[in-house]
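Residue-level structural notes
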Amino acid sequence: MRTIFYFFGQLLFLPHVVLFLFSSQKGIIIEDIYARKTKKEGALNHCYYLSLELLISRYFRTLFYFRTNGMVSKVLRVFYPKYPSFTIDIHTKIGGGLQLAHPYATILNAESIGQNVYVNHLVTLGEKEGKKPIIGNNVQLHAGCIIIGGVTIGDNAIIGAGAVVVKDVPKNSVAVGNPARILEASQS
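Attention here is on the structure that accompanies the text. Just so you know, these numbers come straight off a predicted model, no measurement behind them.

What counts and what doesn't
- Residues numbered from 1 in each chain as written.
- Predicted model: local features only at pLDDT ≥ 70, side-chain atom pairs only at ≥ 80, totals over all residues.
- Heavy atoms only, no water.
- Helix = DSSP H or I, 4+ residues; strand = E, 2+ residues; numbered from the N terminus.
- Buried < 20%, exposed > 50% of the residue type's maximum accessible area, 1.4 Å probe, protein only.
- Contact = heavy atoms within 4.5 Å.
- Pairing = 2+ DSSP bridges.
- Patch = residues over 30% accessible without salt bridge, like charges linked within 9 Å, V, L, I, M, F, W, Y side chains within 5 Å.
- Areas by Shrake-Rupley, 256 points an atom, 1.4 Å probe, with all protein chains shown as cover.
- Salt bridge = Lys/Arg side-chain N within 4 Å of Asp/Glu carboxyl O.
- Core = buried A, V, L, I, M, F, W, Y, C linked by side-chain atoms within 4.5 Å.
- 1 Å grid on protein atoms, 1.4 Å probe; cavity = no way out; pocket = protein on both sides within 12 Å on 5 of 7 lines; lining within 4 Å.
- Points joined across faces, edges and corners; volume = space filled by probe spheres on them.
- Nonpolar A, V, L, I, M, F, W, Y, C, P; charged D, E, K, R; others polar.

Concerning the overall build of the protein
Helices and strands together make up the secondary structure of the protein, namely 6 helices and 15 strands. Its C-alpha atoms give the protein principal-axis dimensions of roughly 50 × 35 × 30 Å. Classification of the 188 residues of the protein by burial places 46% in the buried group. Contacts spanning at least 24 positions in sequence make up 24% of the contacts within the protein whose residues lie at least 6 apart.

Section: unusual backbone geometry
Residues other than glycine predominantly adopt negative phi, and peptide bonds predominantly adopt the trans conformation. Geometrically, the link from N178 to P179 is a cis peptide bond, its omega value of -5 degrees lying close to zero. As for its position among the elements, P179 is in the loop between strand 14 (173-176) and strand 15 (181-185). Not every positive phi belongs to a glycine, and H102 is a case in point at roughly 40 degrees. Within the element layout of this structure, H102 appears in the loop between strand 3 (99-100) and strand 4 (106-108). By relative accessible area, which is 38% here, H102 ends up partly exposed. The phi dihedral of L122 falls on the positive side, at around 65 degrees, and the residue is not glycine. Considering the arrangement of structural elements, one finds L122 in the loop between strand 6 (118-119) and strand 7 (124-126). Among the residues examined, L122 registers a relative accessible area of 38% and is labelled partly exposed.

Notes on the sheet that holds strand 7
In spatial order, the strands read 1-4-7-10-13; together these 5 strands make up an open sheet with parallel pairing. With partners counted over all chains shown, the strands left at the sheet margins are strand 1 (86-88) and strand 13 (164-165), one partner each. Sheet topology places strand 4 next to strand 7; 2 bridges connect them, and they run parallel. Each bridged residue has a counterpart across the sheet, and for L108 the counterpart in strand 7 is L125.

Side note on a nonpolar patch on the surface
A cluster of nonpolar side chains, namely I4, F7, F8, L11 and L14, defines an oily patch on the protein surface of about 510 Å² accessible area. The element best represented in the nonpolar patch is helix 1 (residues 2-11), accounting for 4 residues. Of note, F8 is situated in helix 1.

Structural notes on the nonpolar core
If you look at the biggest cluster of nonpolar residues, it comprises 28 residues, and the most contacted ones within it are L98, I113, L125, L141, I147, I153 and I159. Broken down by secondary-structure element, the contributors of at least two residues to this core are helix 5 (58-67) and strand 1. The dominant element in this core, judged by the number of residues it contributes, is helix 5, at 3 residues. Dropping the residues within four chain positions of it, I113 is found in contact with T92, K93, I94, G95, L98, L108, L125 and I135.

With respect to the layout of surface pockets
For the largest pocket, the calculated volume is near 240 Å³. What lines the largest pocket is a set of 15 residues, among which R36, E53, S57, F60 and L100 lie closest to the centre. Elements represented by at least two residues in the lining of the largest pocket include exactly helix 3 (26-33), helix 4 (43-56), helix 5 and strand 3. With 3 residues, helix 5 is the largest single contributor of residues to the lining of the largest pocket. Counted by class, the lining of the largest pocket contains 8 nonpolar, 3 polar and 4 charged residues. The volume enclosed by the second largest pocket comes to roughly 160 Å³. T62, Y65, F66, N69, K74, R77, K82, F86, T87, I88 and I90 are the residues that line the second largest pocket. At the level of elements, helix 5, helix 6 (71-79) and strand 1 are the ones that each hand at least two residues to the lining of the second largest pocket.

What follows is the structure, given as C-alpha coordinates:
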(Lines give C-alpha, C1' and ligand atoms only; values in the text may rest on other atoms or scores of the structure.)
Protein backbone atom coordinates (compact mmCIF):
# COMPACT_ATOMS: atom_id res chain seq x y z
CA MET A 1 0.00 0.00 0.00
CA ARG A 2 2.78 2.40 0.91
CA THR A 3 4.53 1.69 -2.40
CA ILE A 4 1.41 2.72 -4.32
CA PHE A 5 1.08 5.88 -2.24
CA TYR A 6 4.73 6.77 -2.90
CA PHE A 7 4.40 6.11 -6.62
CA PHE A 8 1.41 8.43 -7.06
CA GLY A 9 2.86 10.96 -4.62
CA GLN A 10 6.10 11.12 -6.54
CA LEU A 11 4.19 11.82 -9.75
CA LEU A 12 2.97 15.05 -8.15
CA PHE A 13 6.57 16.23 -7.94
CA LEU A 14 7.34 15.91 -11.66
CA PRO A 15 7.49 19.73 -12.02
CA HIS A 16 10.21 19.73 -9.36
CA VAL A 17 12.13 17.05 -11.26
CA VAL A 18 12.00 19.18 -14.41
CA LEU A 19 13.22 22.18 -12.42
CA PHE A 20 16.05 20.04 -11.04
CA LEU A 21 17.08 18.80 -14.50
CA PHE A 22 17.45 22.37 -15.77
CA SER A 23 18.95 23.80 -12.58
CA SER A 24 22.47 25.23 -12.46
CA GLN A 25 22.66 23.75 -8.92
CA LYS A 26 22.06 20.15 -10.06
CA GLY A 27 25.39 18.82 -8.74
CA ILE A 28 24.85 20.29 -5.28
CA ILE A 29 21.26 19.03 -5.15
CA ILE A 30 22.53 15.54 -5.97
CA GLU A 31 24.95 15.81 -3.02
CA ASP A 32 21.99 16.83 -0.81
CA ILE A 33 19.87 13.89 -2.02
CA TYR A 34 22.56 11.38 -1.05
CA ALA A 35 23.77 13.12 2.12
CA ARG A 36 22.34 10.34 4.29
CA LYS A 37 22.29 7.38 1.91
CA THR A 38 24.55 5.59 -0.56
CA LYS A 39 24.82 7.41 -3.87
CA LYS A 40 23.25 5.74 -6.89
CA GLU A 41 24.50 6.63 -10.36
CA GLY A 42 22.28 7.64 -13.24
CA ALA A 43 19.80 10.40 -13.98
CA LEU A 44 16.78 8.14 -13.38
CA ASN A 45 18.01 7.26 -9.89
CA HIS A 46 18.61 10.94 -9.12
CA CYS A 47 15.10 11.86 -10.27
CA TYR A 48 13.53 8.97 -8.36
CA TYR A 49 15.28 9.78 -5.07
CA LEU A 50 14.71 13.51 -5.51
CA SER A 51 10.95 13.05 -5.95
CA LEU A 52 10.86 10.64 -3.01
CA GLU A 53 12.72 13.07 -0.71
CA LEU A 54 10.47 15.94 -1.80
CA LEU A 55 7.40 13.81 -1.04
CA ILE A 56 8.41 12.56 2.39
CA SER A 57 10.48 15.47 3.74
CA ARG A 58 9.27 19.06 3.85
CA TYR A 59 12.68 19.91 5.33
CA PHE A 60 14.37 18.67 2.19
CA ARG A 61 11.77 20.55 0.16
CA THR A 62 12.79 23.77 1.95
CA LEU A 63 16.43 23.11 1.04
CA PHE A 64 15.45 22.32 -2.57
CA TYR A 65 13.59 25.63 -2.88
CA PHE A 66 16.63 27.42 -1.44
CA ARG A 67 18.86 25.77 -4.07
CA THR A 68 16.50 26.48 -6.99
CA ASN A 69 15.43 29.97 -5.93
CA GLY A 70 13.59 31.59 -8.81
CA MET A 71 10.12 32.30 -10.16
CA VAL A 72 9.27 28.66 -10.94
CA SER A 73 10.42 27.63 -7.46
CA LYS A 74 8.23 30.31 -5.89
CA VAL A 75 5.18 29.12 -7.83
CA LEU A 76 5.79 25.49 -6.81
CA ARG A 77 5.97 26.55 -3.15
CA VAL A 78 2.33 27.62 -3.32
CA PHE A 79 1.18 24.09 -4.18
CA TYR A 80 3.87 22.13 -2.31
CA PRO A 81 4.82 24.24 0.72
CA LYS A 82 8.16 24.19 2.46
CA TYR A 83 8.47 23.63 6.20
CA PRO A 84 7.35 26.86 7.91
CA SER A 85 9.70 26.80 10.92
CA PHE A 86 12.89 25.87 9.03
CA THR A 87 14.44 29.06 7.70
CA ILE A 88 17.46 29.50 5.45
CA ASP A 89 18.62 33.08 4.82
CA ILE A 90 18.74 33.71 1.08
CA HIS A 91 22.31 35.13 1.30
CA THR A 92 23.80 32.09 3.05
CA LYS A 93 26.22 30.06 0.94
CA ILE A 94 25.73 26.35 1.63
CA GLY A 95 27.94 23.53 0.35
CA GLY A 96 26.51 20.26 -0.89
CA GLY A 97 25.55 17.30 1.23
CA LEU A 98 23.65 19.20 3.93
CA GLN A 99 22.27 16.55 6.30
CA LEU A 100 18.95 17.58 7.82
CA ALA A 101 17.86 15.64 10.90
CA HIS A 102 14.34 17.00 11.54
CA PRO A 103 15.47 20.66 11.71
CA TYR A 104 12.20 22.15 12.95
CA ALA A 105 12.55 25.60 14.54
CA THR A 106 15.98 25.95 12.90
CA ILE A 107 17.42 29.17 11.46
CA LEU A 108 20.44 29.08 9.16
CA ASN A 109 21.64 32.67 8.78
CA ALA A 110 25.38 32.30 8.20
CA GLU A 111 28.03 33.78 5.95
CA SER A 112 28.77 30.28 4.68
CA ILE A 113 28.17 26.64 5.58
CA GLY A 114 30.61 24.03 4.30
CA GLN A 115 30.17 20.62 2.75
CA ASN A 116 28.55 17.65 4.51
CA VAL A 117 27.29 19.58 7.54
CA TYR A 118 24.84 17.85 9.91
CA VAL A 119 22.03 20.03 11.32
CA ASN A 120 19.67 18.88 14.07
CA HIS A 121 16.54 20.62 15.41
CA LEU A 122 16.40 23.99 17.20
CA VAL A 123 19.75 25.12 15.74
CA THR A 124 20.26 28.86 15.36
CA LEU A 125 23.01 30.41 13.26
CA GLY A 126 22.54 34.11 13.72
CA GLU A 127 23.82 37.54 12.92
CA LYS A 128 25.20 39.94 15.52
CA GLU A 129 26.22 43.50 14.68
CA GLY A 130 26.19 42.68 10.97
CA LYS A 131 28.50 39.67 11.32
CA LYS A 132 27.47 36.09 10.60
CA PRO A 133 29.10 32.75 11.47
CA ILE A 134 31.26 30.74 9.08
CA ILE A 135 30.77 26.99 9.38
CA GLY A 136 33.47 24.64 8.03
CA ASN A 137 33.18 21.25 6.31
CA ASN A 138 31.94 18.08 8.04
CA VAL A 139 30.68 20.01 11.08
CA GLN A 140 27.95 18.60 13.34
CA LEU A 141 25.44 21.04 14.83
CA HIS A 142 23.42 19.23 17.48
CA ALA A 143 20.02 19.99 19.01
CA GLY A 144 19.50 23.48 20.38
CA CYS A 145 22.97 24.85 19.68
CA ILE A 146 23.29 28.56 19.02
CA ILE A 147 26.13 30.17 17.07
CA ILE A 148 26.01 33.95 17.00
CA GLY A 149 28.13 36.63 15.33
CA GLY A 150 31.27 36.52 13.23
CA VAL A 151 32.68 33.30 14.68
CA THR A 152 34.35 30.56 12.68
CA ILE A 153 33.65 26.89 13.30
CA GLY A 154 36.55 24.80 11.98
CA ASP A 155 36.31 21.68 9.84
CA ASN A 156 35.19 18.45 11.55
CA ALA A 157 34.07 20.30 14.70
CA ILE A 158 31.17 19.08 16.80
CA ILE A 159 28.90 21.60 18.52
CA GLY A 160 27.08 19.83 21.32
CA ALA A 161 23.41 20.04 22.20
CA GLY A 162 22.50 23.33 23.85
CA ALA A 163 25.92 24.94 23.31
CA VAL A 164 26.03 28.71 22.91
CA VAL A 165 29.03 29.61 20.74
CA VAL A 166 30.26 33.21 20.68
CA LYS A 167 33.97 32.50 20.03
CA ASP A 168 35.82 30.61 17.31
CA VAL A 169 35.94 26.82 17.55
CA PRO A 170 39.10 25.19 16.12
CA LYS A 171 38.94 22.34 13.64
CA ASN A 172 38.58 18.78 14.96
CA SER A 173 37.24 19.91 18.33
CA VAL A 174 34.11 19.54 20.44
CA ALA A 175 32.33 22.56 21.95
CA VAL A 176 29.73 22.21 24.73
CA GLY A 177 28.01 24.35 27.32
CA ASN A 178 26.79 27.90 27.79
CA PRO A 179 29.02 29.71 27.06
CA ALA A 180 30.66 27.04 24.91
CA ARG A 181 34.02 25.62 25.99
CA ILE A 182 36.29 23.31 24.03
CA LEU A 183 36.41 19.73 25.36
CA GLU A 184 39.04 18.33 23.06
CA ALA A 185 41.06 19.47 20.09
CA SER A 186 43.42 17.35 18.06
CA GLN A 187 46.47 18.73 16.31
CA SER A 188 45.39 17.52 12.83
